[in-house]
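Examination of the molecular architecture
Here's the letter readout for the chains.
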Amino acid sequence: MSTVSLSRTLSHDDVTEHQEDSSWEQQDPFLQLMNRGSYLRRLRLLALQDEMERLTQQEEKERTSSEWFEEKKCEDILDSKEQEAIEVHLSPAGERTLDYSVYLSHQRYYDDLKHVDMNYIDYGHFGRGQNLIVEQRKQLGKGGFCWDAAFILGEHVVAHESAWNAPGDHDAEKTTVLELGAGTGLCGMMIAKSTNAHIILTDLPELMGLIGDNVQRNFPYQDSGRTNSSRGTVESRVLRWGVEDDYRGAPFDVIVGADIVASLYDPIALAQTLHALSGPKTKIYISSKSRLDKPHEEFDAEMRRLFHSAERVQPQSRLKNPHVFVMVFQSKRDCL
């Protein structure tokens, strides 16, 4: 009775599978081998079809991505041209002049060479009077351009005037601020426009023509006895690092330098020049870009040997270039 009941519970699939197994066992071994080979070929064919489909999808994805990047690149170029049309205007003499306030309003890129094709850059108002307009001269190389580090340092030093420039009578003796490697004179002229200080712009002989022209354009009345719209005064002269005959007037109250720690220059000689130009109370502000690790390491090590206080600070400026930082040094040591 139990055997009959058990047999009745077998499903149709179980019976079919049992019959197929029996049929397989009864097949000739040669046929078994042929059937197995056919089965494996079908598996390989399915795998090949899957691989072809995957490659097709990948190619389609890459093509779509490439097309997107090309479209984005074209859009960026068009946006850049449209933005340049807003930023750039022609002077009465036909020179290309950049309106820097428009660039500051979007700041979409921080490439060092972004403005090298501009003849002039209009930086707007600093302090009182007319706009600060700075000429660039490409033929002079690095020193003939306006760099982010100079603008950032100028605004940072002005923002921290209370730390280095005691308030006093406008006609009293002004705080002396020496700029090393002034180039176009941008940083120092920003300080002169905005603070009651006397700025001395220094660089190599080949840059004196450009600095002089920029000073004359922005401080036209300081030597004529007429009312000067700027709070400070400016002069320019040659100062070569390591040439002590060029150090007249030292020590100075404040020394500034924008992007002067570079592979083109000797960082040890620069640090020793700063030490020679400083007094016990001199404050030094140096802006740099983090692209030059080795020169910075050598410069920082030598400056920490020559000065008691060395501090890296976050720049205070409307220009938010993330690669620019400011170092502040003070309290000169008495030995070289």
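**Topic: the side chain of Asn 196**
With respect to the helices and strands, Asn 196 occurs in the loop between α6 (186-194) and β6 (197-203). With a relative accessible area of 12%, Asn 196 lands in the buried category. For Asn 196, the side chain forms a polar contact with the side chain of Lys 174, separated by 3.5 Å.

**Focus: the environment of Gly 141**
Structurally, Gly 141 is set in the loop between β4 (133-135) and α5 (148-159). Judged by relative accessible area, Gly 141 falls into the partly exposed class, the value being 27%.

**Details of the confidence of the model for the chain**
Of the residues in the chain, 76% reach a pLDDT of 70 or more, and the chain-wide mean stands at 82. This model gives residues 13-18 a pLDDT under 50, and the stretch forms zero contacts once residues within four places in sequence are excluded. Considering only residues more than four positions removed or in separate chains, one finds that residues 75-79, a stretch of pLDDT under 50, has one contact.

**A short note on the packing of α5 against α6**
The interhelical angle for the contact between α5 and α6, taken along N-to-C directions, is 25°, at an axis separation of 8 Å. Classed by the angle they form, the pair α5 and α6 counts as roughly parallel. For the pair α5 and α6, the crossing hand works out as right-handed. Contacts between α5 and α6 pair Ala 150, Phe 151, Leu 153, Gly 154, Glu 155, Val 157 and Val 158 from the former with Leu 186, Cys 187, Met 190, Ile 191 and Ser 194 from the latter. Residue classes in the contact of α5 with α6 are distributed as nine nonpolar, two polar and one charged.

**A closer look at α5**
Its twelve residues give α5 an end-to-end C-alpha distance of 17 Å, which sits within 8% of 16 Å, the value for a rise of 1.5 Å per residue. For α5, the buried fraction is high: ten of the twelve residues fall into the buried class. Inspection of α5 places Asp 148, Ala 149, Ala 150, Phe 151, Ile 152, Leu 153, Gly 154, Glu 155, His 156 and Val 157 among the buried residues, and these make up the whole buried set. Here the buried face of α5 lies against α4 (100-106), α6, β8 (252-258), β9 (278-289), β10 (307-313) and β11 (324-332).

**A short note on a nonpolar patch on the surface**
On the surface, Tyr 39, Leu 40, Leu 43 and Leu 46 cluster together to form a nonpolar patch covering roughly 370 Å² of accessible area. With respect to the secondary-structure elements, Leu 43 resides in helix α3 (residues 29-87). Leu 43 sits in the partly exposed class, given a relative accessible area of 40%.

**A short note on a negative patch on the surface**
A contiguous patch of negative charge on the surface is contributed by Asp 266, Asp 293, Glu 297 and Glu 298. Within the fold, Asp 266 resides in the loop between β8 and α8 (267-277). Under the relative-accessibility criterion, Asp 266 is labelled partly exposed at 44%.

**Thoughts on the packing of aromatic side chains**
What the rule picks out here adds up to seven aromatic pairs. Aromatic pair Phe 126 and Phe 151: ring centres 6.3 Å apart, planes at 75°, arrangement edge-to-face. Placement of Phe 126 in the loop between β3 (120-122) and β4 and of Phe 151 in helix α5 is noted, with a sequence separation of 25 residues between them. We classify Phe 151 as buried; its relative accessible area is 1%.

**Focus: empty space enclosed by the protein**
Counting across every chain of the model gives two cavities of 30 Å³ or more. Reported here for the largest cavity is a volume of approximately 40 Å³. Around the largest cavity, the lining residues are Asp 112, Lys 114, His 115, Val 116, Gln 136, Cys 146, Trp 147 and Asp 148. Class assignment of the residues belonging to the lining of the largest cavity gives a composition of three nonpolar, two polar and three charged.

Rules behind the numbers
Residues numbered from 1 in each chain as written. Predicted model: local features only at pLDDT ≥ 70, side-chain atom pairs only at ≥ 80, totals over all residues. Heavy atoms only, no water. Helix = DSSP H or I, 4+ residues; strand = E, 2+ residues; numbered from the N terminus. Buried < 20%, exposed > 50% of the residue type's maximum accessible area, 1.4 Å probe, protein only. Polar contact = N/O pair within 3.5 Å; in protein donor to acceptor, adjacent residues only side chain to side chain. pLDDT = per-residue confidence, 0-100. Contact = heavy atoms within 4.5 Å. Axes fitted to C-alpha atoms, helices over the stretch in contact; angles between N-to-C directions. Parallel < 35°, antiparallel > 145°, perpendicular 65-115°, else oblique. Left-handed = near helix turned anticlockwise from the far one by under 90°. Nonpolar A, V, L, I, M, F, W, Y, C, P; charged D, E, K, R; others polar. Expected span 1.5 Å × (residues − 1). Patch = residues over 30% accessible without salt bridge, like charges linked within 9 Å, V, L, I, M, F, W, Y side chains within 5 Å. Areas by Shrake-Rupley, 256 points an atom, 1.4 Å probe, with all protein chains shown as cover. Salt bridge = Lys/Arg side-chain N within 4 Å of Asp/Glu carboxyl O. Lys, Arg positive; Asp, Glu negative; His and termini not counted. Charge placed at Lys NZ, Arg CZ, Asp CG, Glu CD. Phe/Tyr/Trp six-rings, centres within 6.5 Å; stacked < 30°, edge-to-face > 60°. 1 Å grid on protein atoms, 1.4 Å probe; cavity = no way out; pocket = protein on both sides within 12 Å on 5 of 7 lines; lining within 4 Å. Points joined across faces, edges and corners; volume = space filled by probe spheres on them.

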